[in-house]
Amino acid sequence: MTNSRRTFAIISHPDAGKTTLTEKLLLQGGAIHLAGQVKARGAARRARSDWMKIEQQRGISVTSSVMTFERADADGNVITFNLLDTPGHEDFSEDTYRTLTAVDSAIMVIDAAKGIEPQTRKLFEVCRLRSVPIITFINKVDREGRACFDLLDEVADMLALDVCPMSWPVGMGGLFQGIMDLESGRVSRPEGNSKEFLGKVDEDADLPEEVAEEIELAKIGYPEFDLEAYRGGDLTPVYFGSALKNFGVIELIEAISAYAPPPRPQPADGGEVTPDRKDVTGFIFKVQANMDPQHRDRIAFMRLVSGTFNRGMKLTPSGLGKPIAVHSPILFFAQDRELADTAEPGDIIGIPNHGTLRVGDTLSEKNDVRFTGLPNFAPEILRRVALRDPTKTKQLRKALDDLSEEGVIQVFYPEIGAQWIVGVVGQLQLEVLISRLEAEYKVEAMLEASPFDTARWITGDAKALRDFADFNKMNLAKDRDGDPVFMAKSAWDVSYQQERNPDLTFSGTKER
Ligand code: G4P
């Protein structure tokens, strides 16, 4: 069964066509029946909170969600695709990073007119860090774009990867006629979605001469597709297409079926856990509070690593120590509700809870595994939170705890002084914070300059830690978990303290 799962994310720059492509993938998979549903559903969801309003105003997506669809592969085996949506904005790299811990591969969407933008490159680097292999989809070839060779070279140069074109546009912009599969020579044409056979390139008189020449060059000019190199993250197969016109989308799904890796082993304390292990294990990579503000619900997203999950099963969260029964798991099959009773490795389950489950938690039947590798990152922007109405302190604390849990912000409670500090990786997170505080917690807050510039988690010898704490009270805070954090005035401050305290480690990340 586990070989039938493909759990992947789409990474792209905003506007490259991720939403359109997602919609077309779901359409091909039969998960939705009308194009436009992804957007329509998005709009309905957005109307619910101010937080979503930001999403709308900026035209970006700040939340992650999961969509599942099925499709038969070339041999008639049913493949289950779990598509995890990632926020498209660079400010949300931490959230994105966590989502990427839960996938086995990624699709990188590039706008043919724009090429690789810095944000996309960052996302790519995160994938590389996690050894997540990438299939590249160069979108919008129905428009006038950059030359295909330039785009391929850019991918190769900027990402230091081998590229292997798998398909090629027959003309771009106004001259766009279809997409040729380079191996078979078949061309899928506009009108209808069937692959029409136009004949092999070398013997085909129908292809415009320049296109035939270009395709010949493309075939000889790049390394051949090599499955191991792709899965090892050294090569990216490249597909051209148009999400809007539904071109190259089938080819993309087929590529995911055929090449993208099935669920992989996950790093854990006592070595890797492989998907063929019998008992159920999984980890929480995302928690989202207030998806429905009326109900104050809180959904933890778990990636199943091993075993077959059944509804009602008892699992022990590592953070809790005693088992919980998972009675109402949310599975994200848009098509077949029956399937929601079980899940296989690679699948994502939403578990409603009231705060018992946290990002980074391992859930397991036997409580004998701890997955690793879900870090917090040192924030790059720190701000002091000030309340307009000082009687709302309790609500603020609750909100900051919740939102830090979700990864929207990080929160630091200084040892001295009553003003709490929030840390973010990007400016946009601060806007999300303020608007969610207001919409969901009815707390009006302002952000003020913070005396600190950066934060480092401190670990090490207990006595050294105590001595350091006694000496540096003004610069000491606790994070949401109560772990000690050094609030530094500058990067220089950090290296100075590190030098003076060789028994302590000042870390820019913290394992969850
Ligand atoms: P995103 O999620 O990555 O931000 O991108 P999205 O799918 O929203 O697409 C951004 C814009 O690009 C949309 O146009 C969309 O219709 C267009 N687009 C996506 N794929 C293609 C393609 O293959 N060819 C062409 N020509 N356009 C494409 P918009 O005008 O901003 O939005 P809308 O009015 O269509 O909703």
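Scroll up for the structure.
Keep in mind it's a predicted model, so treat the numbers as computed, not measured.

To continue, consider the layout of surface pockets. There is about 610 Å³ of room inside the second largest pocket. Met166, Asp181, Glu183, Tyr239 and Tyr259 are, among the 26 residues lining the second largest pocket, the residues nearest its centre. Sorting the residues of the lining of the second largest pocket by element identifies strand 2 (66-72), strand 6 (162-165), helix 7 (209-221) and helix 9 (249-259) as the ones contributing at least two each. Considering each element in turn, the lining of the second largest pocket owes the most residues, six residues, to helix 9. When its residues are assigned to classes, the lining of the second largest pocket shows 14 nonpolar, one polar and eleven charged.

One non-glycine residue with positive phi stands out, namely aspartate 15, at about 85°. Following the sequence through the fold, aspartate 15 ends up in the loop between strand 1 (5-12) and helix 1 (18-28). On the basis of relative accessibility, which here comes to 59%, the residue aspartate 15 falls in the exposed class. In this structure, asparagine 246 takes a positive phi of about 65° despite not being glycine. Along the chain, the position of asparagine 246 falls in the loop between strand 11 (235-240) and helix 9.

Below, the discussion takes up the site of the ligand. Residues in contact with the ligand amount to 17 residues; listed here are only the nearest, Asp15, Lys18, Thr19, Thr20 and Asp142. Interatomic distance of 2.6 Å between a backbone N/O atom of aspartate 15 and an oxygen atom of the ligand. Between alanine 16 and the ligand, the recorded distance is 3.3 Å, taken from a backbone N or O atom to an oxygen atom. Calculation on the ligand without its partners gives an accessible area of 710 Å², and the protein chains cover 70% of this total. A total of three residues in the shell around the ligand trace back to one element, the largest contributor, which is helix 1. Its residues assigned to classes, the shell around the ligand comprises four nonpolar, seven polar and six charged.

Looking now at the sheet that holds strand 22 (residues 381-387). Note: strands within a sheet are paired through backbone hydrogen bonds, in either parallel or antiparallel orientation. As summarised here, the arrangement of the eight strands in space is 25-22-24-23-27-28-26-29, forming an open sheet in which the pairing is antiparallel. Every other strand in the sheet has two partners, leaving strand 25 (445-449) and strand 29 (504-507) as the edge strands with one partner each. Here the strands of the sheet are splayed against their neighbours by 40° on average, with no regard to which way each runs. Direction of pairing for strand 26 (residues 454-460) relative to strand 29: antiparallel, over a ladder of four bridges. For isoleucine 458, the partnering residue across the bridge sits in strand 29 and is phenylalanine 506. Sitting on the sheet, helix 12 (residues 462-471) is in contact with strand 26, strand 27 (476-478), strand 28 (484-488) and strand 29, with an inclination near 65° to strand 29.

The next thing to look at is the nonpolar core. Residues Met108, Trp168, Phe240 and Phe285 are the most contacted members of the largest nonpolar core, which totals 57 residues. Among the elements that take part in this core, helix 6 (residues 148-159) stands out by supplying six residues, more than any other. Taken domain by domain, this core gets at least three of its residues from each of domain 1 (6-77 + 87-174 + 227-259) and domain 2 (281-364). Excluding anything up to four places from it in sequence, phenylalanine 285 contacts Leu84, Arg98, Thr99, Thr101, Ala102, Phe301, Met302, Arg303, Ile348, Val359 and Leu374. With 28 residues, the next largest nonpolar core counts Ile135, Cys164, Ala229 and Val249 among its residues.

Definitions and limits used
Residues numbered from 1 in each chain as written. Predicted model: local features only at pLDDT ≥ 70, side-chain atom pairs only at ≥ 80, totals over all residues. Heavy atoms only, no water. 1 Å grid on protein atoms, 1.4 Å probe; cavity = no way out; pocket = protein on both sides within 12 Å on 5 of 7 lines; lining within 4 Å. Points joined across faces, edges and corners; volume = space filled by probe spheres on them. Helix = DSSP H or I, 4+ residues; strand = E, 2+ residues; numbered from the N terminus. Nonpolar A, V, L, I, M, F, W, Y, C, P; charged D, E, K, R; others polar. Buried < 20%, exposed > 50% of the residue type's maximum accessible area, 1.4 Å probe, protein only. Near = heavy atom within 4 Å. Polar contact = N/O pair within 3.5 Å; in protein donor to acceptor, adjacent residues only side chain to side chain. Areas by Shrake-Rupley, 256 points an atom, 1.4 Å probe, with all protein chains shown as cover. Pairing = 2+ DSSP bridges. Axes fitted to C-alpha atoms, helices over the stretch in contact; angles between N-to-C directions. Contact = heavy atoms within 4.5 Å. Core = buried A, V, L, I, M, F, W, Y, C linked by side-chain atoms within 4.5 Å. Domains from an automatic or database assignment.

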